[in-house]
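# Per-entry structural report
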Amino acid sequence: MKKFFLDLGKQPLANQYLKKINSNLVKYKLKIHFNTKSKMVSISKRIPSEKMFNAKYPYRSSLSHTMKSSFKILSKEIKKRFNPKILLEIGSNDGALIKNFSKNKVLCVEPCSNLAMITKKMGYFTYDNYWNLKLAKKIKAKFNNVDVIYSANTLTHINNLTDVFKSITHILDKDGILIIEDPSFLECIKKISYDQFYNEHIYIFSALSVSKLIHKFKLELFDIDKLDTHGGSLRYYIKRINNNKIKIKDTVSKQISTELRFGLANFLTYKKFGVSVKKSKNNLVKIFKKLKDKNKKIIGYGATAKACTVLNYCNIDNKIIDYFVDTTPDKSNRFMPGKNIKIKKYKKILLNNVDYIYLGAWNFKDEIFKKEKNFIKKGGRFITHVPKPRII
Ligand code: JHZ
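A short tour of the structure in this document, coming up.

Conventions used here
- Residues numbered from 1 in each chain as written.
- Predicted model: local features only at pLDDT ≥ 70, side-chain atom pairs only at ≥ 80, totals over all residues.
- Heavy atoms only, no water.
- Near = heavy atom within 4 Å.
- Polar contact = N/O pair within 3.5 Å; in protein donor to acceptor, adjacent residues only side chain to side chain.
- Areas by Shrake-Rupley, 256 points an atom, 1.4 Å probe, with all protein chains shown as cover.
- Helix = DSSP H or I, 4+ residues; strand = E, 2+ residues; numbered from the N terminus.
- Nonpolar A, V, L, I, M, F, W, Y, C, P; charged D, E, K, R; others polar.
- Buried < 20%, exposed > 50% of the residue type's maximum accessible area, 1.4 Å probe, protein only.
- Contact = heavy atoms within 4.5 Å.

Here we take up the site of the ligand. Close contacts around the ligand come from 25 residues, with Y59, E200, K306, K331 and K371 the closest. In the environment of the ligand, a nitrogen atom lies 2.8 Å from a nitrogen or oxygen atom belonging to the side chain of H157. Note that an oxygen atom of the ligand is positioned 2.8 Å from one of the backbone N or O atoms of A305. Taken by itself the ligand offers 730 Å² of open surface, and the protein chains cover 96% of this. The set of elements that each furnish at least two residues to the shell around the ligand consists of α10 (305–314) and α11 (365–371). The element best represented in the shell around the ligand is α11, accounting for three residues. A breakdown of the residues in the shell around the ligand according to their chemical character gives eight nonpolar, eleven polar and six charged.

So this is what it looks like as structure tokens:
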């Protein structure tokens, strides 16, 4: 049974960065539910994939050192531990992971054709398609089964998870390995990072929900890594239940026990989270108001999808935040959806005469603080809402 626990109001599509201010921008209700049976957390309104993941998708994984280095370490690990003949990546984005593998060992799947073009140009075999059974059949007919499938921050973006896993089991070798990684709902609750919810994130996984979900497809978890990326993620290692060659590590039962101890199986935990989110909003708004009353200049750093949720939920607009800086080429000279704050191409000079910076990319805090040592040295301060609204 689905139970409602959080209402984030009306939200525009997070990655729809506009060239011109549009006061009639379409917004969708963003309500979050917990399924008491499957333990899955999901948003209620599903937007057709084509509206979000198309030739204009701006997000690029390779633009942060943190992600590049995380993918590099993982690539070494995959080679050492599984030595794949073929690695299939679902949602290969701009090739941040696959560039660590030789070209004849990788197959990319990426529905955003602007991104697919990048890995094609790099010389990697890329399907610019959505992941589904039709595509899995097509790939299998050409390449046969694959021994390792990897997918980061992608499966939670696909509405039909039954089709996702049917397609995976169709093409995965009998001894094959599936590795997926996504933000952890436990971390999201602990950090009150409600901004992990936006229309692209249809689901937020936990070990609890993933283990139940994959069981239906005769798959099981055999290892879990805890990651710092994207505000705290889990990397799930999955095998077929009837593959007895691989031993199940105790990382799986440990993570599930931690989640159960925290109350992720009980609706009350979710209801309390909903209350904490409202408090977080009120406290963040108070901080901005106090600073603006003192005429402080505030800008944003990292025009993230997450920031879109915060700005629209907390009603923070261009009267409060002068502009955002961001390194992504396809975001510059555009506007944050719904709140009309200009995004400028990152240059150090744009931080001059700024009193406070709102950390839209709070998940890259360490990387950004290192880069902006001078701003901090000169007395500049950051504002964040994670794990609670404060000035740092
Ligand atoms: P970042 C996107 O979410 C969308 P977002 C998507 N749905 C998803 O699941 C996650 O990614 C994985 C900029 N930046 O990674 C670059 C700087 O300007 O938190 C990015 O625009 N300077 C696929 O958008 C943004 O911040 C820097 O030094 O919430 C980071 O976006 C750094 C480090 C980043 O994802």
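Looking at the secondary structure, you find W131 in the loop between β6 (125–127) and α4 (133–143). Residue classification places W131 among the buried residues on the basis of a relative accessible area of 5%. Taking the C-alpha atoms as reference points, W131 and K378, separated by 247 residues in sequence, lie 49 Å from one another. Those residues in contact with W131 that sit more than four places away from it in its chain are L88, I90, V109, A136, I139, I158, D163, V164, S167, I168 and I171.

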